Amino acid sequence: MTFKTLKVCFPLSVGVANIAEHLSIMRHRPRYQTTQPGGLGFAEMASFVLSARRV
């Protein structure tokens, strides 16, 4: 599977706050970035997704 294929299959990507220090060297950056690092960032993203589903 190529990156282009992955981009088509997964057009949305999320990085937790820790990724900020690596953005300058990344060729492909996440579309969204959480404000919290690590597991808290994952929980932030999950909460957002779940709240959007309830509407």
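So, here is what we can say about the structure in this document.

## Here's the deal with the overall build of the protein chain
Right, on to step 1. Across its full length, the protein chain holds 2 helices and 2 strands.
Right, on to step 2. Within the protein chain, the proportion of its 55 residues that are buried is 13%.
Right, on to step 3. Sequence-distant contacts, at least 24 apart, represent 10% of the contacts inside the protein chain between residues at least 6 apart.

## Concerning the environment of E44
Right, on to step 1. Residue placement: E44 occurs in helix α2 (residues 38–53).
Right, on to step 2. For E44, a relative accessible area of 27% translates into the label partly exposed.
Right, on to step 3. Residues E44 and T34, 10 residues apart in the sequence, show an inter-C-alpha distance of 6.9 Å.
Right, on to step 4. Every residue in contact with E44, bar those within four places of it in the chain, is listed here: T34, T35 and Q36.

What counts and what doesn't
Residues numbered from 1 in each chain as written. Predicted model: local features only at pLDDT ≥ 70, side-chain atom pairs only at ≥ 80, totals over all residues. Heavy atoms only, no water. Helix = DSSP H or I, 4+ residues; strand = E, 2+ residues; numbered from the N terminus. Buried < 20%, exposed > 50% of the residue type's maximum accessible area, 1.4 Å probe, protein only. Contact = heavy atoms within 4.5 Å.

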